[in-house]
Every structure is written in C-alpha cells, then in structure tokens.
Amino acid sequence: MHDRRQRTAPFLTGSRLGLRHPVLADARSATSWHEGAFPISETQAEELLRSTEIHPWGSAPETRLIVDSVPDGVTLGGAMVERRHDRIGRIRPSAASWLPVAERDEIHAEILALLLPWMLGELDLMVVTIQVPADHAATTMRAISLGMRESVRLREHIRRPDDRVDLLTFEIVNPAWNHAVRDPMEHADA
C-alpha cells in the first residue's frame, strides 16, 4: 500500500477513464469504488484496503482497480479482476451509486473495453467472463462488439424499483488458446 497522500498514474487509460491500483487515500472515496450492497465508512474502507491489498500489485487472485475520470481525476468507480487457476478470469465492474444509471452503464462498458484486451493479452487468460444486468445496454453492446458471447441468463435475477431484470453472463475464449480449447458452438460439424 502506498503513502495515503500519493495518487498513482493510471495503469490502463481510455479516452474518458483511467484504471489504477488503490492507495490508502482512496478510503475517502469508497462510496464510489466499493462494490458492496451497503456503503462503508472511510475507516472501514481503509481497513479493507490494508487487509486485501497485501500482495504485490497484480499477483493476487483478485486485483482491485480504481476508476478515475481522465480529465479531472474524480473517482467514478472500481473494478475487481478475478483470476482462478491462472487461466480463468472474471471482471467485476462497479460505478459510483450517485451517478445516473445510464452513466454507470457507460462506465461499466468502458471498464470492460479497457480490461478485456489486457486480460486476454498480457495475462494470457484462457476464458474471461463478466456478469451484466440485462438493462445495461451499453455494457451488453460493448461485450458483443468485443467478441464476447452470452453464456448464461438468470431470469429476473436482479430487483429494480419497479421490475426485475435478467442477469447475463458473457464470456470469451482467448483466440490465442484456440489450439488447446475447441469451442463446439463455433464448429457446427463437431
């Protein structure tokens, strides 16, 4: 964990968002990046960061990233990158609850666009998944445009104020792993 005053440069940067590793100062903006169902206090967030960010960055089974706005550095969300058996990855994006739903959806879509190439390329993961509420059209469209395919649909899984929506799981098999993994859906003659 770095000095609480020191913010770090983004690790991955898009036109609007940058992803970087957390520092203790991020405890002050935990309501923006914490993915829990309930908000946590600055003290709780600092304890969480101290207890979970103990491995050298990027070598833990779960890597936390903080999502900042590129123009002004405001923390808008976070992302967890899960790795299992060094081959299977999952992206868990989160966006500040104080943002409008459509903007949170756009942030999730950009997080996906930044993380997926890194996870397939640099981390060389065999499969990467993400779960997306069915009413998040921007994230769904981005997943499809990046070559992901819907693999699971949990009907009416997520409660909304006036309705329920499906929870979709999208996945992609790393093209570099085609020699080891054969996708029967892409080979009708199999």
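The structure presented is a predicted model; accordingly, all values stated were derived computationally and were not measured.

Undergrad: I would appreciate a short explanation of the pattern of salt bridges in the present structure.
TA: Once the charged atoms of two side chains with opposite charge are near each other, the side chains can pair. Scanning all chains against the criterion turns up 16 salt bridges. With its nearest N and O atoms 3.0 Å apart, the salt bridge here joins glutamate 103 to arginine 16. One end of the pair, glutamate 103, is in helix 3 (residues 101-121); the other, arginine 16, is in the loop between strand 1 (12-13) and strand 2 (17-20), with 87 residues separating them in the sequence. Notably, a salt bridge pairs aspartate 166 with arginine 153, separated by 2.8 Å at the nearest N-O pair. Here aspartate 166 is found in strand 8 (residues 163-173), whereas its partner arginine 153 is found in strand 7 (residues 149-160), with 13 residues between them in sequence. Three or more residues joined by partner-sharing salt bridges are found here, namely Glu35, Glu62, Glu82, Arg84, Arg90 and Arg92.

Undergrad: Honestly, the packing of helix 3 against helix 4 (residues 137-145) in this entry has me stumped. Any pointers?
TA: Helix packing geometry: the angle between the two helix axes and the distance between the axes. Where helix 3 meets helix 4, the closest approach of the two axes is 7 Å, and the angle between their N-to-C directions is 20°. The orientation of helix 3 relative to helix 4 falls into the category roughly parallel. The crossing of helix 3 and helix 4 is right-handed. Within the contact between the two elements, helix 3 uses Asp105, Glu106, His108, Ala109, Glu110, Leu112 and Ala113 and helix 4 uses Ala137, Ala138, Thr139, Arg142 and Ala143. Partitioned by chemical class, the residues of the contact of helix 3 with helix 4 number six nonpolar, two polar and four charged.

Undergrad: I'm lost on helix 2 (residues 42-52) in this one. Help?
TA: Residues of helix 2 that are buried: Ala45, Glu46 and Leu49. Seen end-on, helix 2 carries its buried residues on one side only, within an arc spanning 100°. Those residues of helix 2 that are exposed and aimed more than 90 degrees away from the buried face are Thr43 and Glu47. Tucked inside the fold, the buried residues of helix 2 contact helix 1 (30-33) and strand 3 (62-69).

Undergrad: So what exactly am I meant to see when it comes to the nonpolar core here?
TA: Among soluble globular proteins, nonpolar side chains are generally buried collectively. Judged by nonpolar contacts, the single largest core of 31 residues is most densely connected at Ile91, Ile107, Leu115, Met119, Val128 and Met148. Looking at this core, the elements that each hand over two or more residues are strand 2, strand 3, strand 4 (75-84), strand 5 (88-95), helix 3, strand 6 (127-133) and strand 8. With nine residues, helix 3 is the largest single contributor of residues to this core. Valine 128 has contacts with Gly89, Ile91, Leu116, Met119, Leu120, Met148, Phe170, Glu171 and Ile172, leaving out every residue within four places of it along the chain. The next biggest cluster of nonpolar side chains, apart from the first, holds eight residues, and it includes Ala30, Ile40, Ala45 and Ile66.

Cut-offs applied
- Residue positions are given per chain, counted from 1 along the sequence in the order it is written.
- pLDDT decides what is reported in this predicted model: residues at 70 or higher carry local features, side-chain atom pairs at 80 or more are listed and counted, and totals for whole chains, interfaces and linings draw on all residues regardless.
- As a rule here, side-chain values come from all non-hydrogen atoms in the structure, and water together with hydrogens is ignored.
- By definition, a salt bridge exists where a carboxyl oxygen of Asp or Glu is found within 4 Å of a side-chain nitrogen of Lys or Arg.
- For helices the rule is a DSSP run of H or I covering at least 4 residues; for strands it is a run of E covering at least 2, with both sets numbered from the N terminus onward.
- Every axis in this analysis is a line fitted to C-alpha atoms, fitted for helices over the stretch in contact. Angles between the N-to-C directions lie between 0 and 180 degrees.
- An angle below 35 degrees is read as roughly parallel, one above 145 as roughly antiparallel, one from 65 to 115 as roughly perpendicular, and any other as oblique.
- Crossing handedness is read from the near helix: turned anticlockwise from the far helix by less than a right angle, it gives a left-handed crossing, and turned clockwise, a right-handed one.
- By definition, residues are in contact when any of their heavy atoms lie within 4.5 Å.
- Residue type decides the class: Asp, Glu, Lys and Arg count as charged, Ala, Val, Leu, Ile, Met, Phe, Trp, Tyr, Cys and Pro as nonpolar, and the leftover types, Gly among them, as polar.
- Partly exposed describes any residue whose relative accessible area lies between the buried limit of under 20% and the exposed limit of over 50%, with all areas from a 1.4 Å probe on protein chains only and scaled to the type maximum.
- Note that the arc is defined by the directions from the helix axis to the C-beta atoms.
- Among buried residues, the Ala, Val, Leu, Ile, Met, Phe, Trp, Tyr and Cys ones that are joined through side-chain atoms within 4.5 Å form a nonpolar core.

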